Amino acid sequence: MDFKNYKMPYSINNEFTEKVAYFSMEFAIDQALKIYSGGLGFLAGSHMRSAYNLKQDLIGIGILWKFGYYDQSRNHDQTLLPTWTKKMYSFLEDTGIVFQIIIHSAPVWVKAFYLKPETFDTAPMFFLSTDLPENDHISKTICHRLYDANESTKLAQYILLGKGGAKLLDMMNFEREVYHLNEAHGLPAAFYLLEKYNGDKEKVKEKLVFTTHTPEEAGNEKHNIHLCHDMSYFSGLNIEEVKTIEGVDDDRFNHSLCALRMSRISNGVSQLHGEVSRLMWNKYPKICEIKAITNAQEFKYWADHPLYKFKEEKDNKGFDHRKKHLKKRTFKIVANQTGNLFDPNIFTIVWARRFAGYKRADLLLHDKERFEKLLNNPKYPVQIIWAGKPYPMDYSSISTFNTLVEESKNYKNMAVLTGYELSLSKSLKQGSDLWLNNPRVPREASGTSGMTASMNGSVNLSTDDGWIPEFAKNGKNCFVTPLADYNNLSIYDQDQFDMDNLYDVLENQILPMYYDETKKWREVVKNAMNDVKNQFNSDRMATEYYEQIYKSK
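What counts and how
Residues numbered from 1 in each chain as written. Predicted model: local features only at pLDDT ≥ 70, side-chain atom pairs only at ≥ 80, totals over all residues. Heavy atoms only, no water. 1 Å grid on protein atoms, 1.4 Å probe; cavity = no way out; pocket = protein on both sides within 12 Å on 5 of 7 lines; lining within 4 Å. Points joined across faces, edges and corners; volume = space filled by probe spheres on them. Nonpolar A, V, L, I, M, F, W, Y, C, P; charged D, E, K, R; others polar. Axes fitted to C-alpha atoms, helices over the stretch in contact; angles between N-to-C directions. Helix = DSSP H or I, 4+ residues; strand = E, 2+ residues; numbered from the N terminus. Parallel < 35°, antiparallel > 145°, perpendicular 65-115°, else oblique. Left-handed = near helix turned anticlockwise from the far one by under 90°. Contact = heavy atoms within 4.5 Å. Buried < 20%, exposed > 50% of the residue type's maximum accessible area, 1.4 Å probe, protein only. Pairing = 2+ DSSP bridges. Right-handed = clockwise from strand over helix to strand, strands pointing away. Polar contact = N/O pair within 3.5 Å; in protein donor to acceptor, adjacent residues only side chain to side chain. Arc of directions from axis to C-beta. Core = buried A, V, L, I, M, F, W, Y, C linked by side-chain atoms within 4.5 Å. Disulfide = S-S within 2.5 Å. Salt bridge = Lys/Arg side-chain N within 4 Å of Asp/Glu carboxyl O. Phe/Tyr/Trp six-rings, centres within 6.5 Å; stacked < 30°, edge-to-face > 60°. Lys NZ or Arg CZ within 6 Å of the ring centre and 35° of its normal.

Section: empty space enclosed by the protein
One simple way to see leftover space: roll a probe sized like a water molecule over the atoms.
For step 1, the next point in the chain: In total, this model carries 1 cavity of 30 Å³ or more according to the counting rule given.
For step 2, the next point in the chain: Approximately 70 Å³ is the volume attributed to the largest cavity.
For step 3, the next point in the chain: Looking at the largest cavity, the residues that line it are Lys34, Ile35, Tyr36, Ser37, Phe67, Tyr69, Tyr70, Asp71, Lys87, Lys389, Tyr420 and Glu421.
For step 4, the next point in the chain: Here the lining of the largest cavity is composed, by residue class, of 6 nonpolar, 1 polar and 5 charged.

The structure is reproduced here in structure tokens:
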């Protein structure tokens, strides 16, 4: 293939002819390609699969992380041990394209690798690497660890994604009408274009669209503007010019705010998040319109198709047998990791996602007495599994993970698993009866793990946040706890309120239904499978990005 004059490798669907480049720090494409950390990557991966399904004129641009995010191992006492192992990918093709970009006022060599669409059924994808013999050691490390803890390295990673990705398109003579930034990490692409177009901000704005994923201002990244300037983030602009573009006379450069001012349109990732984002950002002048496109996951990749087949054939016996088979399969992983033998006939709860404070992994343990009662209930027995990766430098979340590990040593029916990546994620959704999701409202912009849980016959129990308000028919396709007065209650009181309600719903509604009203429970499972199939399939989402974002002028 001639990458110097790259052409889309398949015929484009007439509905999706706008030419798009999609920039993302992470993509969860396949278990074999470990270049993601969590939800942002899972979303981007499904988007790439759907772009391929629909034959859209879209390519993905990311970074080839030499050590990935991290490998989740254990210390001798079972607690969390982050390790970093060099990754090898024989299925990626060397494009032969090597070029230089300026980082920290010095040239850095960049090489591009290609993922063919047919390898994992995705849009064509390009991954950038600085791990080349031509570079010095510091430059090589830019692409070593996803979300490196060192601030300068992290900024260099953003420059590699944005400036490197934009320059790659020029090196390939591959014209794109839309540069889509999935989160603000790739924002240096905008400054690259600004330099390319001799400071014509309107020309940049015509090309740039932005998806924001963070529902609170404090969570949006800010870095010292002088450090950003020293790192060559702004492609030659001086600090005063940048402050004029950003519209804030502050020495903390706000990446998201700048993206909102340089883009022609943007979007939040659920209808609720769209409202929260407009409320949060509208106090700033000259920001673009913020729409809402609710996140979704690719049905073909995530769903258990035999389970859907039994549902459609109204074969309840086959349906129940299949679900039990999936549980048995998952419980082999539990046994292998923890030595606990779980029973496929027992109601199984899973809490699995990235560990972060607001997601409250250990909320049920805030009342030890009630937790013990739940796990030792002879009438309605339960099994419970936790899994997920804390950020390797987030010691508070690692402590939460380790607390759960210690607690699990007291119970045969409690397990904490490591290695929460695509493969384990899929297994836990297949092997659970209930998918527990209890973020502090409105901190979860969308959340998508519950969507794929429903695609595998696992029912959601959730606080009313993110995508849930658009999906929930409480008691019919999921279970939702009442909203606390989040504006006026203290954090402690919010947690107490939500925890009490989670236990109430579990003890009084869910467990009696599962054990005493099997037919009714099966209907809830099937309703969830029906309701998630189209509305929360990423083919719908990828179509909406074209209709509402890429085509908008």
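Observations concerning the packing of helix H14 (residues 368-375) against helix H19 (residues 491-516)
A pair of packed helices is captured by two measures, namely the crossing angle of their axes and the spacing between those axes.
For step 1, the next point in the chain: One way to put it is that H14 packs onto H19 with a least axis distance of 11 Å and a crossing angle of 20°. Here H14 is positioned roughly parallel relative to H19, judged by the angle of their axes. Once H14 is placed against H19, the crossing between them reads as left-handed. Across from Arg370, Phe371 and Leu374 in H14, the residues of H19 making contact are Asp500, Tyr503, Asp504, Leu506, Glu507 and Leu511.
For step 2, the next point in the chain: In terms of residue class, the contact of H14 with H19 is built from 5 nonpolar, no polar and 4 charged.

Describing the pairing of strand S14 (residues 347-352)
The two faces of a sheet get side chains in turn, since along a regular strand they alternate between them.
For step 1, the next point in the chain: Most of S14 is tucked away: 6 of the 6 residues are buried.
For step 2, the next point in the chain: As judged from the 6 bridges shared by S14 and strand S15 (residues 382-387), these two strands associate in the parallel manner. Looking across to S15, one finds that tryptophan 351 is bridged to tryptophan 386.
For step 3, the next point in the chain: Taken together, S14, H14 and S15 form a β-α-β motif whose crossover is right-handed.
For step 4, the next point in the chain: As paired strands, S14 and strand S17 (residues 434-437) are joined by 2 bridges and run parallel to one another. Within S17, the residue paired with valine 350 across the bridge is tryptophan 435.

Focus: the pairing of strand S5 (residues 93-103)
For step 1, the next point in the chain: The sheet contact formed by S5 and strand S6 (residues 106-115) spans 8 bridges and is antiparallel. Paired with valine 98 across the strands is lysine 111, a residue of S6.
For step 2, the next point in the chain: Once S5 ends, the chain turns through 2 residues before running back antiparallel as S6, passing histidine 104 with a positive phi of about 55°.

Let's talk about the sheet that holds strand S16 (residues 414-417)
Strands belonging to one sheet form pairs held by backbone hydrogen bonds; the direction of such a pair is parallel or antiparallel.
For step 1, the next point in the chain: The parallel open sheet is built from 6 strands, whose spatial order is S16-S15-S14-S17-S18-S19. Single-partner strands in this sheet number two, and they are S16 and strand S19 (479-480).
For step 2, the next point in the chain: In the packing of H14 onto the sheet, the strands contacted are S15 and S16, and the crossing angle to S15 comes to about 120°.

Let's talk about unusual backbone geometry
For step 1, the next point in the chain: Going from valine 441 to proline 442, the amide bond is cis rather than trans, its omega being 0°.
For step 2, the next point in the chain: Among the structural elements, proline 442 can be located in the loop between S17 and helix H17 (449-454).
For step 3, the next point in the chain: The phi angle at serine 105 is positive, at roughly 60°, despite the residue not being glycine.
For step 4, the next point in the chain: Mapped onto the fold, serine 105 is located in the loop between S5 and S6.

What about the environment of tyrosine 158?
For step 1, the next point in the chain: Considering the arrangement of structural elements, one finds tyrosine 158 in helix H4 (residues 151-171).
For step 2, the next point in the chain: Take tyrosine 158: its relative accessible area is 1%, and that puts it in the buried class.
For step 3, the next point in the chain: Spatially, the C-alpha atoms of tyrosine 158 and phenylalanine 536 are 30 Å apart, while their sequence positions differ by 378 residues.
For step 4, the next point in the chain: Excluding its chain neighbours within four sequence positions, the residues that come into contact with tyrosine 158 are Met25, Lys163, His185, Gly186, Pro188, Glu221, His223, Tyr233 and His255.
For step 5, the next point in the chain: Polar side-chain contacts of tyrosine 158 include one of 2.4 Å to the side chain of glutamate 221.

Overview of helix H12 (residues 305-312)
For step 1, the next point in the chain: Among all positions of H12, only Leu307, Tyr308 and Lys311 are buried. All buried residues of H12 project into a common sector of 100° when viewed along the axis, lining one side.
For step 2, the next point in the chain: Lysine 314 sits one or two positions beyond H12 and adopts a positive phi of about 55°.

A short note on the nonpolar core
For step 1, the next point in the chain: Phe191 and Trp386 are the most contacted members of the largest nonpolar core, which totals 170 residues.
For step 2, the next point in the chain: Ignoring any residue separated from it by four or fewer positions in sequence, one finds tryptophan 386 in contact with Trp351, Phe355, Ala361, Leu365, Phe371, Leu404, Met414, Ala415, Val416 and Leu417.

Quick look at the state of the cysteines
For step 1, the next point in the chain: Applying the stated criterion across every chain, the model contains 0 disulfides.
For step 2, the next point in the chain: Sulfur of cysteine 288: no disulfide; nearest cysteine sulfur belongs to cysteine 258 and is 11 Å away.
For step 3, the next point in the chain: Given a relative accessible area of 9%, cysteine 288 falls into the buried group.

Observations concerning the pattern of salt bridges
For step 1, the next point in the chain: Taken as a whole and assessed by the stated rule, the structure comprises 29 salt bridges.
For step 2, the next point in the chain: Between aspartate 94 and lysine 111 there is a salt bridge, with its nearest N and O atoms 2.8 Å apart. On the criterion of sequence distance, the pair formed by aspartate 94 in strand S5 and lysine 111 in strand S6 is long-range, its members being 17 residues apart.
For step 3, the next point in the chain: The class of aspartate 94 is partly exposed, set by a relative accessible area of 38%.
For step 4, the next point in the chain: Taking relative accessible area as the criterion, lysine 111 reaches 17% and is therefore assigned buried.
For step 5, the next point in the chain: Here arginine 360 ties to aspartate 498 by a salt bridge, and the two come within 2.7 Å at their closest N and O atoms. Here aspartate 498 lies in helix H19 and arginine 360 lies in the loop between S14 and H14, a separation of 138 residues in the sequence. The residues arginine 360 and aspartate 498 share a single accessibility class, namely buried.
For step 6, the next point in the chain: Look at the salt bridges and you will find they share partners, linking Arg360, Arg440, Asp495 and Asp498 into a network.

Focus: the packing of aromatic side chains
For step 1, the next point in the chain: For the coordinates displayed, the defined rule picks out 43 aromatic pairs.
For step 2, the next point in the chain: Measuring from ring centre to ring centre gives 5.7 Å for tyrosine 6 and tyrosine 114, while their planes differ by 70°; the resulting arrangement is edge-to-face. Of the two residues, tyrosine 6 is situated in the segment before strand S1 (20-23) and tyrosine 114 in strand S6; the sequence distance between them amounts to 108 residues. For the pair tyrosine 6 and tyrosine 114, one class covers both residues: buried.
For step 3, the next point in the chain: Taken together, a centroid distance of 5.2 Å and an interplanar angle of 70° make the contact between phenylalanine 16 and tyrosine 546 edge-to-face. A residue pair is termed long-range when its members are at least 10 positions apart, and phenylalanine 16 in the segment before S1 and tyrosine 546 in helix H21 (residues 538-550) qualify at 530 residues. Comparing phenylalanine 16 with tyrosine 546, the two get one shared label, buried.
For step 4, the next point in the chain: Among the aromatic residues, ring-to-ring pairing joins Phe347, Tyr380, Phe479, Tyr514, Tyr515 and Trp521 into one connected group.
For step 5, the next point in the chain: Residue placement shows lysine 426 over the ring face of tyrosine 301; its charged tip is 4.5 Å from the ring centre.
For step 6, the next point in the chain: Above the face of the tryptophan 302 ring, lysine 429 is positioned so that its terminal group lies 4.5 Å from the ring centre.

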